Amino acid sequence: MYVAIKGGERAIENAHRLLAHERRGDCDVPELSLAQISEQLGLAVDRVMSEGSLYDRELAALAIKQARGDLIEAIFLVRAFRATLPRFGVTEPVDTGQMQVRRRISSTFKDVPGGQILGPTFDYTHRLLDPQLAEGHAPEPPATSEAVVCAMPRVTDILGKDGLIEPSPQASADSAVGDLTREPLSFPADRDLRLQNLARADEGFLLAMGYSTQRGYGRNHPFAGEIRFGEVEVEFLAEEVGFAVPLGEIALTECQMVNQFGGSATEAPCFTRGYGLAFGQSERKAMSMALVDRALRARELGEEVGAPAQDEEFVMSHSDNVQATGFVEHLKLPHYVDFQSELGLLRKLRREFAEAQRKASMREAAE
Amino acid sequence: MNAPTYNFAYLDEQTKRMIRRAILKAIAIPGYQVPFASREMPMPYGWGTGGVQVTAAMLGPSDVLKVIDQGSDDTTNAISIRKFFAKTAGVATTTHTEDATVIQTRHRIPEAPLHAGQVLVYQVPIPEPLRFLEPRETETRRMHALSEYGLMHVKLYEDIARFGHIATAYAYPVKVNARYVMDPSPTPKFDNPKMDNSPALQLFGAGREKRIYAIPPYTTVVSLDFQDHPFERYRFDAPCALCGAEDAYLDEIVTDDKGSRMFVCSDTDYCEGRQAAGHRGKESAAPWEKAHG
Amino acid sequence: MTTIDELPPGFADKVLSAQSTFRSVMDAMARPGSVREVTAAVGTPSAMMRGTAAIALTLFDHDTPVWLDQALRERQDIGKWLKFHTGAPIVADASICSFALVGDAHGLGSLEDFSLGSSEYPDRSTTLILQVASLTEGREFRLRGPGIDGAAILRATVEPRDLFDRLAINVALFPRGIDVVLVADDRIVAIPRTTRSVVQGG
């Protein structure tokens, strides 16, 4: 006698309870606070805000806690929440030239106005596991000096003054900025949509794509013109008030790549640009994004499009980790009925194959 | 903290308007895939977000919702989606095909004939029937525009040359209203004839791929085939072990490691209805035993 | 001048009224020629019928350019009401509108002035909302096409009288085309681009 499986509802509830239990782990170990996550796992929070496309440290920390540290799951939680938020409007473009810089480096000039500022970085740390940290250890207070008030112009602007780099492609001021979360995407996609897609894209995917361009799959000779990280002010133009109202500050990492020059009989050769921008301190993301942005400009710059990173339909369709993980993981769902249909077909084909073999061997025996 | 609050049927009104407009155009152009700005839903892409958005844009307080996955109301994903709507829209739910006004499905069309006024919402993973032949959206869109479906026929014909049969067992392509080639979602081809001239409205939602398409009621839906290789339905040739049905699609159940198999209806509501009406298969439990289930 | 305070209200219940109106329009579109009712309570500015107002509140927003015919354009309160309740931009160019509202079809120009979509994106086309005298009395139209079991009979008093002749562009251009919703007070009938008609009688 066979009784069909029932009780899926209770199974789901029990699974959720078990998950909550596992998430908390050993209750003798103190529970993580959101402040601890935000302060001590700050780069994870930055990544979740960037790819979750929502600047809210507290919610991102909550998502990381709820997701047991699975950052793609945390990004998904933030995205699903973001999708329900009302939209009041679009802020004024932020001016990264006015950034309160915490770190700023250029690999193209030894020194630039405002100087090179190493700031908080893993660069030049020797990757030796630190037993002191395992014990819990108060770090030395950071070194300080008098703040030097001086302008910190962007390196690309300095190059731009001499016409050595193409002007940053500008859209007309009154044309609306695209938003792929509000409009279905169609190809070819303009750069505003491409950049939005890349800003939300999985860091690992962009890293691999950017890396592939360096290895020759759509090579474009990049120099890190400038990477800067710090705070910028966000302003919102409220129509009722008639002027831009400051909403607060956000931390951003910006990367301006200076790439292989173009030029023609009618246009003087000049460097070209690749642009990366991410919330918080997300240098790997911003740099990879800049490499891929430049690669995706191939069509616009009249270059041959052949490598994966230059193929906007390929890149934009596969960059989103929330989409990718959903579809890859959906293979866990039951596929009994389509599998059964496939199984039926396969059995039939095998039967026919065996029958044909049998007939062939009988013919051979007879000959 | 920004404590979350949610609208009726989860989606905000602006999103519903956008989806509603897409549904209307989809109905007006049968089989054509309307792009829509699919939202991130609180369940993963690939797990029914397209169907969920279509259902959410449509559902009202007087609806009665049925959700099935693999034909069954009791598979975990079906339960999860049903609970989602019971919670966010407070709608009545049912497992009875006959009583439902809206049926959201993954991979099956119910065995019981649908009636006028019902809406069947399919969850679709890959809406583009030409995708496996041509990965580029720009190309496939052009092919649909020009009704250029030769490539699909070539593929089906290559199957015949290689295997002696069209080697597509599910997501079997159809032509809708003699114009658009359409992917019916990964339903077994056994279900294809049910789409043709159905009294119910059929809506298809692909969330990750951001497409909505439709088959209006009483619309011609033809499974692609060749004169010398006509379309054939497939079901395992046995009666259901529980209800004895000989016309229903069956799940194969592995009962031991010595090759024993049992075949039972994949449509659990259909099977239970038949058993309640006194039909029996060779493995069916006596009524007093069923009470434990 | 009409002030915002003087404008008729929108839906009494934004969420559920929009839902029920959508279902009426969806059912109408899925079953061309069948008469559906819009039941939601809604305010209506001057020359706008209840069905039209409810459809506008259900489907229009910032993303849907709306074109008004002269009869509706002349009534200032209609544009204001639409802007206030839906935020939809009112456009003068019929070829870019998502929706066209026609209050008096006598002056209706060629349907090809509207957006008919492209072969790649036939959905990017105008939905024409046409106010008519009656959807229960008048000439008899026999309709065929997807959504119709055999043939559907529509009795209606429709201007322009040659509407269905004009809709022949839908045959010639398919899948491009125009979809029409006829409104008579709180009744609606949809004629999507796949519907074909044979006129019965005179």
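Residues numbered from 1 in each chain as written. Chains lettered and ligands numbered in written order. Predicted model: local features only at pLDDT ≥ 70, side-chain atom pairs only at ≥ 80, totals over all residues. Heavy atoms only, no water.

**Overview of the side chain of Thr272(A)**
Residues and elements named next belong to chain A. Going by this rule: Only DSSP runs of H or I with at least four residues qualify as helices, and only runs of E with at least two residues qualify as strands; both kinds are numbered from the N terminus onward. When a residue's accessible area, from a 1.4 Å probe over protein chains only, is under 20% of the maximum for its type it is buried; when over 50% it is exposed; and in between it is partly exposed. N or O atoms closer than or at 3.5 Å make up a polar contact, with two conditions inside protein: a donor-capable atom paired with an acceptor-capable one, and, for residues adjacent in sequence, both atoms drawn from side chains. Two residues qualify as a contact provided that any one of their heavy atoms is within 4.5 Å of a heavy atom in the partner residue.
Inspection of the secondary structure assignment puts threonine 272 in strand β4 (residues 270-279). Overall, threonine 272 belongs to the buried group, its relative accessible area being 4%. One polar contact links the side chain of threonine 272 to the main-chain carbonyl oxygen of glutamine 260, over a distance of 2.8 Å. Within the local environment of threonine 272, its side chain forms a polar contact with the side chain of arginine 294, the two groups lying 2.7 Å apart. Non-local contacts of threonine 272, meaning those with residues more than four positions away in its chain, are made with Ile165, Glu166, Met257, Val258, Asn259, Gln260, Gly262, Arg294 and Leu301.

**Quick word on the interface of chain A and chain B**
This is how it is decided: Buried area counts how much accessible surface, traced with a 1.4 Å probe, disappears from two parts once they are put together, with both parts' losses summed. For salt bridges, the criterion is a side-chain nitrogen of Lys or Arg within 4 Å of an Asp or Glu carboxyl oxygen. Amino acid classes used here: Ala, Val, Leu, Ile, Met, Phe, Trp, Tyr, Cys and Pro are nonpolar; Asp, Glu, Lys and Arg are charged; the rest, including Gly, are polar.
Listed by partner, the interface residues are 52 residues for chain A and 68 residues for chain B. Summed over both sides, the interface of chain A with chain B buries roughly 5300 Å², with 59% coming from carbon and sulfur. Inspection of the chain A/chain B interface yields 6 salt bridges. Between Arg200(A) and Glu40(B) there is a salt bridge; the shortest N-O distance is 3.3 Å. Those elements that provide at least two residues to the side of chain A that touches chain B are α1 (8-24), α4 (57-66), α5 (71-82), α12 (321-329) and α13 (336-366) of chain A. Broken down by element, the side of chain A that touches chain B gets its largest block of residues, 13 residues, from α13(A). When the residues that make up the side of chain A that touches chain B are grouped by side-chain class, the tally is 23 nonpolar, 11 polar and 18 charged.

**A closer look at the environment of Pro35(B)**
Here Pro35(B) shows up in strand β1 (residues 34-35). You can call Pro35(B) buried: its relative accessible area is 10%. A C-alpha to C-alpha distance of 14 Å links Pro35(B) and Pro125(B), two positions 90 residues apart in sequence. Leave out the neighbours within four places in its chain, and Pro35(B) touches Pro184(A), Arg141(B), Lys210(B), Arg211(B), Tyr121(C) and Asp123(C).

**Let's talk about the domain arrangement of chain A**
All names here are of chain A. The criterion, for reference: A domain assignment, automatic or from a database, supplies the domain bounds used here.
By the assigned domains, chain A splits into domain 1 (10-82) and domain 2 (96-121 + 145-169 + 179-319). Counting from both sides, the interface comprises 12 residues of domain 1 and, opposite them, 14 residues of domain 2. Together, the buried faces of domain 1 and domain 2 total about 1100 Å²; carbon and sulfur atoms form 47% of this surface. For domain 1, the biggest contributors to the area lost against domain 2 are Ser50, Glu51 and Tyr55; these three give 48% of the whole.

**Digging into the pattern of salt bridges**
Oppositely charged side chains are able to pair whenever their charged atoms sit close together. Residue and element names in this part refer to chain A. By the definition in use, this model includes 57 salt bridges over all chains. Two residues, arginine 294 and glutamate 303, come together in a salt bridge whose shortest N-O distance is 2.6 Å. A network of salt bridges, in which partner residues are shared, links Glu166, Arg194, Arg297, Arg299, Glu300 and Glu312.

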